[in-house]
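Take a look at the letters that make up each chain.
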Amino acid sequence: MRVLADSVAGERLRGCSNAVALDDGSVCFTVSSRRYPLDQWIGDIVEHTGTGRLLRLPPGGGTPEVLLDGLQFANGLTVSGDGTFLVIAETGACRLTRYHLTGPRAGRSERFADLPGMPDNMWREGPDGPVWVALAGPRVPPLDLLHRTPPGARRAAARAAVRAPFRPGGTIGVVAVDDHGRTVHHLSRHRSRFRMVTSVCVTGGLLVLGSFWEPGVAVCAAPATG
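In this report, we go over the structure that sits alongside the text. All values reported here derive from a predicted model rather than from experimental measurement. (Residues numbered from 1 in each chain as written. Predicted model: local features only at pLDDT ≥ 70, side-chain atom pairs only at ≥ 80, totals over all residues. Heavy atoms only, no water.)

1. A word on the side chain of Asn-18
Step number 1: Secondary-structure assignment places Asn-18 in strand β3 (residues 16-21).
Step number 2: Accessibility expressed as a relative area gives 14% for Asn-18, which makes it buried.
Step number 3: A polar side-chain atom of Asn-18 sits 2.9 Å from a polar atom in the side chain of Ser-17.
Step number 4: One polar contact links Asn-18 to Asn-121, side chain to side chain, over a distance of 3.0 Å.
Step number 5: Contacts of Asn-18, omitting those with residues within four sequence positions, involve Cys-28, Phe-29, Thr-30, Asn-75, Gly-76, Leu-77 and Asn-121. (Helix = DSSP H or I, 4+ residues; strand = E, 2+ residues; numbered from the N terminus. Buried < 20%, exposed > 50% of the residue type's maximum accessible area, 1.4 Å probe, protein only. Polar contact = N/O pair within 3.5 Å; in protein donor to acceptor, adjacent residues only side chain to side chain. Contact = heavy atoms within 4.5 Å.)

Rendered as structure tokens:
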């Protein structure tokens, strides 16, 4: 195993989450939080730090370049079917963000899709297929209200959340979006015995769900295309 990068601008990297390789040999990857390690992810979600990043490692390694800053717990990452932009999951904001790689808007970003839950890992169903997004949890209205309070109140709530025992709820879901940010599929289940879906893929006509919480995977029939 070879370490390609462990710091950026003199700051040690921690909380790196997802990576994608581009056709030019570079690797783009997300850093979820600059304040909380991944095992304290709930602290960042509660405090709403906005310290997530999108970085690019040049071909062959070297010094990472910060492409995008201020993300709300940057998580899943995928590239568009035509390779012109990246899609980043912002778990703490319940949205997907688009970052343009080429064209007149190269280097700029915008909101790509608002989601009914907190996105985690993503998986693309082929170059012409949709992007499947695991929803680690539903939207939490009290959390949305907390995010509008002063930073000090959020920091205090985050300290309490990190110390408190965590158990995910029984509402699970996944969505699929196309390269225009339109929802193609939305599947959800309440009172599920399989909790906290954090990854998803399609294989052999099955939707396969992974979980940060569960010791196994769950499967169901994949929805028909079209």
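2. A word on the packing of aromatic side chains
Step number 1: What the rule picks out here adds up to three aromatic pairs.
Step number 2: With centroids separated by 5.8 Å and ring planes inclined at 55°, the aromatic side chains of Phe-85 and Phe-112 adopt a geometry described as tilted. Linking Phe-85 in strand β8 (residues 85-90) with Phe-112 in strand β10 (residues 109-114), this pair joins segments that are 27 residues apart in sequence.
Step number 3: Classification of Phe-85 as buried rests on a relative accessible area of 6%.
Step number 4: For Phe-112, a relative accessible area of 9% translates into the label buried.
Step number 5: Three or more aromatic residues joined by ring pairs form one cluster here, namely Trp-41, Phe-166 and Trp-213.
Step number 6: Over the face of the ring belonging to Phe-85 we find Arg-98, whose NZ or CZ atom lies 5.0 Å from the ring centre. (Phe/Tyr/Trp six-rings, centres within 6.5 Å; stacked < 30°, edge-to-face > 60°. Lys NZ or Arg CZ within 6 Å of the ring centre and 35° of its normal.)

3. Re the pairing of strand β14 (residues 183-189)
Step number 1: Of the pairings in the sheet, the one linking strand β13 (residues 172-177) to β14 comprises six bridges and is antiparallel in character. Directly across from Val-175, in β14, lies its bridge partner His-186.
Step number 2: Where β13 hands over to β14, the hairpin turn is made up of five residues, of which Gly-181 adopts a positive phi near 80°. (Pairing = 2+ DSSP bridges.)

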